[in-house]
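Chain by chain, the residues:
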Amino acid sequence: MASAPWAEIREKFQAALALSRVELHKNPEKEPYKSKYGARALLEEVKALLGPAPEDEDERPPSDDGLGAGAHALGLPAEAVEVEGPIAQGAVRLAVIEFHLGVNHIDTEELSAGEEHLVKCLRLLRKYRLSHDCVSLYIQAQNNLGILWSEREEIETAQAYLESSEALYNQYMKEIGSPPLDPTEHFLPEEEKLAEQERSKRFEKVYTHNLYYLAQVYQHMEMFEKAAHYCHSTLKRQLEHNAYHPIEWAINAATLSQFYINKLCFMEARHCLSAANVIFGQTGKISTEDRQYRRA
């Protein structure tokens, strides 16, 4: 890490996150991305203060990081390598910045630049991706690449990224299981780190988003039974974690009921419709915190 005071780096990062959360309609009409650009400038400052990427990570051939070449992107098992020492910690912090820069560029409709930053994030994290420190960030970066490629209508590429995320989540939960660090914690002092319960909540939300995106991809690929399975899993997890918007949840449940009707599974269809009716009745009574599934 560069010689800049760590407190200054943390402060700039937190300011960037705050600007990133500003809703577009709160920006000037002629500058809808003003807050996003402000956040980007701060993230670039933090990146410069952190210094260059570790040599062994920065010089890895690009072919190792894209789908179709990198075995890790196809969901093959990872090895647990912990983040130890200043070089590894520096690489992970830089990966956090690359992730946020990637999301920032995607939010401002600069998809190619967003992809570049997200791939850099994966490159920096590759050998640590199964670790307690990095698994959540790695999955989130892949989820966002899955969304990006889906928006480009490159559905098979989107599928590969999202299935890789699912496989990594399942491997982590089987082999390690403890709630991993949230990416923001890499820029928090020790006394402000999240409690285990909050870490678990955030990680499970990341995985729920992954299932939601996979349901959409399978629907697009006309893999309807698989899409229905993932849609059902998503709805179930949203209820379990109390993380849903009632209207959206009710519509998705009612849509799922149509699939069951077409399959002559009338009890399942009735259950979905009944649940949709109950949840729809909560409209206006529940926070719209999870209004849309984007950029977990």
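Residues numbered from 1 in each chain as written. Predicted model: local features only at pLDDT ≥ 70, side-chain atom pairs only at ≥ 80, totals over all residues. Heavy atoms only, no water.

Student: Got a minute to help me understand the packing of aromatic side chains in this structure?
Tutor: Pairs of aromatic rings are described using the distance from one ring centre to the other and the angle between the two planes. What the rule picks out here adds up to nine aromatic pairs. Members of the aromatic cluster, connected to one another through ring pairs, are Tyr169, Tyr172, Phe203 and Tyr207. Directly above the aromatic system of Trp149 lies the positively charged group of Arg152, at a separation of 4.6 Å from the ring centroid. (Phe/Tyr/Trp six-rings, centres within 6.5 Å; stacked < 30°, edge-to-face > 60°. Lys NZ or Arg CZ within 6 Å of the ring centre and 35° of its normal.)

Student: Mind showing me how you'd approach the pattern of salt bridges here?
Tutor: Any two side chains of opposite charge can pair, given that their charged atoms come close. As enumerated under the stated definition, the model contains 13 salt bridges in all. The partner of Arg237 in a salt bridge is Glu204, with the nearest N and O atoms 2.5 Å apart. Here Glu204 lies in helix α8 (residues 196–220) and Arg237 lies in helix α9 (residues 224–240), a separation of 33 residues in the sequence. Both residues of the pair, Arg237 and Glu204, count as buried. Linked through salt bridges whose partners overlap, the residues forming this network are Asp182, Glu198 and Arg202. (Salt bridge = Lys/Arg side-chain N within 4 Å of Asp/Glu carboxyl O. Helix = DSSP H or I, 4+ residues; strand = E, 2+ residues; numbered from the N terminus. Buried < 20%, exposed > 50% of the residue type's maximum accessible area, 1.4 Å probe, protein only.)

Student: Looking at this model, I keep getting lost on the layout of surface pockets. Mind explaining?
Tutor: Unfilled space is identified by rolling a water-sized probe across the atoms. Empty space within the second largest pocket amounts to approximately 370 Å³. Forming the boundary of the second largest pocket are 15 residues, of which Gln219, Ala227, Cys231, Thr255 and Leu256 lie nearest the centre. Those elements giving two or more residues to the lining of the second largest pocket turn out to be α8, α9 and α10 (246–262). It is α9 that provides the largest number of residues to the lining of the second largest pocket, a total of seven residues. (1 Å grid on protein atoms, 1.4 Å probe; cavity = no way out; pocket = protein on both sides within 12 Å on 5 of 7 lines; lining within 4 Å. Points joined across faces, edges and corners; volume = space filled by probe spheres on them.)

Student: Honestly, the nonpolar core in this entry has me stumped. Any pointers?
Tutor: Side chains of a nonpolar character, in soluble globular proteins, are inclined to be buried together. Judged by nonpolar contacts, the single largest core of 75 residues is most densely connected at Phe13, Ile97, Leu125 and Phe187. Ranked by residue count, the leading element in this core is helix α4 (residues 85–107), at 11 residues. When residues no more than four places from it in sequence are discounted, the contact partners of Ile97 are Phe13, Leu43, Val46, Lys47, Leu50 and Phe187. (Core = buried A, V, L, I, M, F, W, Y, C linked by side-chain atoms within 4.5 Å. Contact = heavy atoms within 4.5 Å.)

Student: Looking at this structure, how should I read the packing of α8 against α9?
Tutor: A pair of packed helices is captured by two measures, namely the crossing angle of their axes and the spacing between those axes. Axis separation between α8 and α9 bottoms out at 8 Å; the angle between their running directions is 155 degrees. Classified by the angle their axes make, α8 and α9 are roughly antiparallel. Note that α8 runs across α9; the crossing there is left-handed. In this structure, α8 contributes Glu204, Tyr207, Thr208, Leu211, Tyr212, Leu214, Ala215, Tyr218 and Gln219 to the contact, and α9 contributes Phe224, Lys226, Ala227, Tyr230, Cys231, Ser233, Thr234, Arg237 and Gln238. Per-class residue counts for the contact of α8 with α9 are 10 nonpolar, five polar and three charged. (Axes fitted to C-alpha atoms, helices over the stretch in contact; angles between N-to-C directions. Parallel < 35°, antiparallel > 145°, perpendicular 65-115°, else oblique. Left-handed = near helix turned anticlockwise from the far one by under 90°. Nonpolar A, V, L, I, M, F, W, Y, C, P; charged D, E, K, R; others polar.)

Student: Just checking my understanding: could you explain the side chain of Ser257 for this structure?
Tutor: Its place among the elements puts Ser257 in helix α10. A relative accessible area of 0% means that Ser257 is categorised as buried.

Student: Sorry, what's going on with the side chain of His186 here?
Tutor: By the secondary structure assignment, His186 is in the loop between α7 (155–175) and α8. When residues no more than four places from it in sequence are discounted, the contact partners of His186 are Trp6, Val92, Arg93, Val96, Asp133 and Leu181.

Student: So what exactly am I meant to see when it comes to the packing of α10 against helix α11 (residues 266–280) here?
Tutor: Packing of α10 against α11 brings their axes to within 8 Å, and their N-to-C directions diverge by 165 degrees. Put simply, α10 runs roughly antiparallel to α11. Note on packing geometry: the crossing formed by α10 with α11 is left-handed. Contact residues: α10 offers Pro246, Ile247, Trp249, Ala250, Ala253, Ala254, Leu256, Ser257, Tyr260 and Ile261, while α11 offers Phe266, Glu268, Ala269, Cys272, Leu273, Ala275, Ala276, Ile279 and Phe280. Looking at side-chain class alone, the contact of α10 with α11 contains 17 nonpolar, one polar and one charged residues.

Student: I tried to follow the environment of Leu168 on my own but got confused; where do I start?
Tutor: Looking at where Leu168 falls in the secondary structure, it is placed in helix α7. A relative accessible area of 6% places Leu168 in the buried class. It is 9.5 Å that separates the C-alpha atoms of Leu168 and Ser136, two residues lying 32 residues apart in sequence. Apart from the residues within four sequence positions on either side, Leu168 is in contact with Ala78, Arg129, Leu130, Val135, Tyr138 and Ile139.

Student: Even after reading the chapter, I still don't get unusual backbone geometry, so can you show me in this structure?
Tutor: Excluding glycine, residues mostly have negative phi values, and the peptide bonds linking residues are mostly trans. Non-glycine residue Glu109 carries a positive phi angle of around 65 degrees. Checked against the element boundaries, Glu109 lands in the loop between α4 and α5 (111–125). With a phi close to 65 degrees, Glu153 is a non-glycine residue in the positive phi region. Looking at Glu153, the relative accessible area reads 64%, which means it is exposed.

Student: Please clarify how the state of the cysteines should be interpreted in this entry.
Tutor: What is meant by a disulfide is a covalent connection between two cysteines, made through their sulfur atoms. What the rule picks out here adds up to zero disulfides. The thiol sulfur of Cys134 is not disulfide-bonded, and the nearest other cysteine sulfur, from Cys121, lies at 8.8 Å. With no disulfide of its own, Cys272 lies 7.9 Å from the sulfur of Cys231, the closest cysteine sulfur. (Disulfide = S-S within 2.5 Å.)

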